Amino acid sequence: MKNFLLEPGGKIVFGGGCVREYLAGFARGYGPNTLLVSGVRSGRENGAYDGVCRSLRAAGKRVVELSGVQPGPDYEAVQRGARMAREQQVDLIVGVGGGSVIDCCKAIAMAAVYRGDLWTDFWARRGVVDYHPLPVGIIPTTLGTGALNGAVVLTRRADGMRGARDYPQCAPRFILFDPAYTRTLSQAQIISDGFRILSRVLELYFAPPAGENVTNALLEALARDVVQILRRGREQLQHDASRTDLMWAGALAGNGLLQAGKRCRYPCRRAALRLASDTDRPFTQCLAVLQSAAYRAACLEHPDKLTRAAALVWGLAPDGKALLSALAGADAFDALLGNLGLPTRPQALGITDLPHFQEFVEQAARTDRLPPAV
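Residues numbered from 1 in each chain as written. Predicted model: local features only at pLDDT ≥ 70, side-chain atom pairs only at ≥ 80, totals over all residues. Heavy atoms only, no water.

Trainee: Explanation requested: the packing of helix H3 (residues 75-87) against helix H4 (residues 99-111) in the structure shown.
Mentor: It is the contact of H3 with H4, at a shortest axis distance of 8 Å, that shows an interaxial angle of 55°. By the angle between their directions, the pair H3 and H4 is classed as oblique. As H3 runs across H4, the sense of the crossing is right-handed. On the side of H3, the interface is formed by Ala 77, Val 78, Gly 81, Ala 82 and Arg 86, while H4 contributes Cys 104, Ala 107, Ile 108 and Ala 111. (Axes fitted to C-alpha atoms, helices over the stretch in contact; angles between N-to-C directions. Helix = DSSP H or I, 4+ residues; strand = E, 2+ residues; numbered from the N terminus. Parallel < 35°, antiparallel > 145°, perpendicular 65-115°, else oblique. Left-handed = near helix turned anticlockwise from the far one by under 90°. Contact = heavy atoms within 4.5 Å.)

Set out below in structure tokens:
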């Protein structure tokens, strides 16, 4: 394993009613002004937004609202939020929503305090955060948001640039996971979120170092549990038990603890973002096709490791030959994607230029020395 520094971050509360029970108390530890960030529909349909507003006002907070954060999120929304935070002398940023809202909150926390050009100094290249960003609290309303870290993906739509960075100083001070806030998610959204959780776990598992270690054993256990949840069937995924399990699995998959000792820059996710942009196909579908290809590439590169995964994750009996057993695990992965209604081959995306598509596969299968761009 490589050396690492782990910063655990803030408080984590998981369970029904946790926002109502804990948010006001947590918020009282900060100043009087709170910036509440939400997406286009973040928490509006399931009552999360209204519940958060009530709790913040019960704590005596003046709430300033930034709504309508688009998927991405756009750097312009970050700048707008930073201006609001400075003008309204905001002491705490609270986000209600999915990954884009969470990323936006983390970036606003930096931009509100930093006086230079945030994009140039921290996203175009990696910078040194030698100051204290504003504190952030998060209430997720989707599954697999990766809220337990300082990672942020930003898009600068004005020139088509996208950047991904992970600054531990931006990790939330508190996160309140209430599974009840995921009840209005559609079946398609749950499938998408569940698959993205599994993909994140697999990318970490494929990443070096390749030998057996504690982190890989934890990833095997988490992957097995996510697979078991996804195998319950599309209808059962909307049951409270499935959503609750997936919500916590997603939180763990985005936790720095499982990234410790690994060299992973999520090459498949990055390649899928590029492929989705080039083909105008949904990101989750592009990710499914590339993750399938990356899984088979990993079988060829590390057959012994993937044979172990075939047994421990997919429940397959050893074939006797490592490569055959490893590829049986890849077949099981493809079968799961098929049951979820996700594609496994480029033809399903309407891709006919296979030589060009192979470039994306090669990027998706790389596990080290990736270029910094997403």
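Back to the write-up after that little detour.
Trainee: Where do I start with the nonpolar core in this structure?
Mentor: As a rule of thumb, soluble globular proteins bury nonpolar side chains together. Membership of the largest hydrophobic core comes to 101 residues, with the highest contact counts inside it found for Leu 35, Ile 93, Trp 123, Leu 290 and Tyr 295. Element by element, the count of residues in this core is highest for helix H6 (residues 187-206), at 10 residues. With residues up to four places along the chain from it excluded, the contact list for Leu 35 reads Val 64, Glu 65, Leu 66, Gly 81, Met 84, Ala 85, Val 90, Leu 92, Ile 93, Val 94 and Ile 108. In this structure, Leu 23, Phe 26, Cys 53 and Ala 59 belong to the second largest nonpolar core, which totals 22 residues. (Core = buried A, V, L, I, M, F, W, Y, C linked by side-chain atoms within 4.5 Å. Buried < 20%, exposed > 50% of the residue type's maximum accessible area, 1.4 Å probe, protein only.)

Trainee: I keep staring at the pattern of salt bridges and nothing clicks. Help me out?
Mentor: Should the charged atoms of two oppositely charged side chains come close, the side chains can pair. One pass over the structure, following the stated rule, counts 12 salt bridges. Of the charged contacts in the structure, one is a salt bridge between Glu 76 and Arg 83, with a shortest N-O distance of 3.5 Å. Taking the relative accessible area as the measure of exposure, Glu 76 reaches 35% and is therefore partly exposed. Taking the relative accessible area as the measure of exposure, Arg 83 reaches 37% and is therefore partly exposed. Here Asp 334 and Arg 345 are joined by a salt bridge, their closest N and O atoms 3.2 Å apart. (Salt bridge = Lys/Arg side-chain N within 4 Å of Asp/Glu carboxyl O.)

Trainee: Could you clarify how one ought to interpret the environment of Leu 198 in this entry?
Mentor: Tracing the chain through its elements places Leu 198 in helix H6. Spatially, the C-alpha atoms of Leu 198 and Ala 271 are 17 Å apart, while their sequence positions differ by 73 residues.

Trainee: How should the packing of helix H10 (residues 267-279) against helix H11 (residues 283-301) be read in this particular structure?
Mentor: The geometry of a pair of packed helices is captured by two quantities: the angle between their axes and the separation between those axes. One way to put it is that H10 packs onto H11 with a least axis distance of 8 Å and a crossing angle of 125°. If you check the angle between H10 and H11, you find them oblique. Handedness of the H10/H11 crossing: right-handed. Here Cys 268, Arg 269, Ala 271, Ala 272, Leu 273, Leu 275, Ala 276 and Thr 279 of H10 come into contact with H11, specifically with Phe 283, Cys 286, Leu 287, Leu 290 and Gln 291. Residues that form the contact of H10 with H11 fall into these classes: 10 nonpolar, two polar and one charged. (Nonpolar A, V, L, I, M, F, W, Y, C, P; charged D, E, K, R; others polar.)

Trainee: What exactly am I supposed to notice about the sheet that holds strand S5 (residues 136-140) here?
Mentor: Pairing between the strands of a sheet comes from backbone hydrogen bonds, and it takes one of two forms, parallel or antiparallel. Strand order in the open sheet made by the six strands is S1-S8-S5-S4-S2-S3, with parallel pairing throughout. Across the chains shown, the open sheet's two edge strands, defined by having one partner strand only, are strand S1 (11-14) and strand S3 (62-69). On average, adjacent strands in this sheet sit at an angle of 15° to one another, irrespective of strand direction. For strand S2 (residues 33-39) and S3, the ladder comprises six bridges, and the chain directions are parallel. Across the sheet, the residue bridging to Leu 36 is Glu 65, located in S3. Relative to the sheet, H4 contacts S2, S3, strand S4 (92-97) and S5, its axis offset from that of S4 by approximately 165°. Across the sheet, helix H8 (residues 240-253) is in contact with S1, S5 and strand S8 (174-177); its angle to S1 comes to roughly 165°. (Pairing = 2+ DSSP bridges.)

Trainee: How should the side chain of Gln 291 be read in this particular structure?
Mentor: If you trace the backbone, Gln 291 turns up in helix H11. The class of Gln 291 is buried, set by a relative accessible area of 0%. With sequence-adjacent residues up to four places away left out, Gln 291 is seen in contact with Phe 195, Ser 199, Leu 202, Glu 203, Phe 206, Cys 268 and Phe 333.

Trainee: Would you mind showing me how to read the side chain of Thr 284 here?
Mentor: Considering the arrangement of structural elements, one finds Thr 284 in helix H11. Judged by its relative accessible area of 9%, Thr 284 falls in the buried class. A polar side-chain atom of Thr 284 sits 2.7 Å from a polar atom in the side chain of Ser 192. Here Thr 284 is in contact with Ser 192, Phe 195, Arg 196 and Leu 342, once residues within four sequence places are set aside. (Polar contact = N/O pair within 3.5 Å; in protein donor to acceptor, adjacent residues only side chain to side chain.)

Trainee: How should I be thinking about helix H7 (residues 214-230) in this particular structure?
Mentor: At 3.6 residues per turn, the α-helix brings residues three or four places apart onto the same side. Along its 17 residues, H7 runs 25 Å from first to last C-alpha, staying within 8% of the 24 Å computed at 1.5 Å per residue. Considered for burial, the residues of H7 that qualify are Thr 215, Asn 216, Leu 219, Glu 220, Leu 222, Ala 223, Val 226, Val 227, Ile 229 and Leu 230. Along its buried surface, H7 packs onto H6, H8, helix H9 (256-259), helix H12 (303-312) and helix H13 (322-339). The distance from a side-chain oxygen at the start of H7 to the backbone nitrogen of Thr 215 is 3.1 Å, and the residue carrying that oxygen is Asn 213. (Expected span 1.5 Å × (residues − 1).)

Trainee: How do you make sense of the packing of aromatic side chains when you look at a structure like this?
Mentor: What describes a pair of aromatic rings is the distance from one ring centre to the other and the angle between the planes of the rings. Here the structure, examined in full by the defined rule, presents 16 aromatic pairs. Ring geometry for Phe 14 versus Trp 248: centroids 5.5 Å apart, planes at 70°, classification edge-to-face. Remark: Trp 248 occurs in helix H8 and Phe 14 occurs in strand S1; sequence separation between them is 234 residues. On the basis of relative accessible area, Trp 248 is assigned to the partly exposed category, the value being 34%. Put simply, the rings of Phe 195, Tyr 205, Phe 206, Tyr 295, Trp 314 and Phe 333 pair up and form one aromatic cluster. Residue placement shows Arg 200 over the ring face of Tyr 266; its charged tip is 5.2 Å from the ring centre. (Phe/Tyr/Trp six-rings, centres within 6.5 Å; stacked < 30°, edge-to-face > 60°. Lys NZ or Arg CZ within 6 Å of the ring centre and 35° of its normal.)

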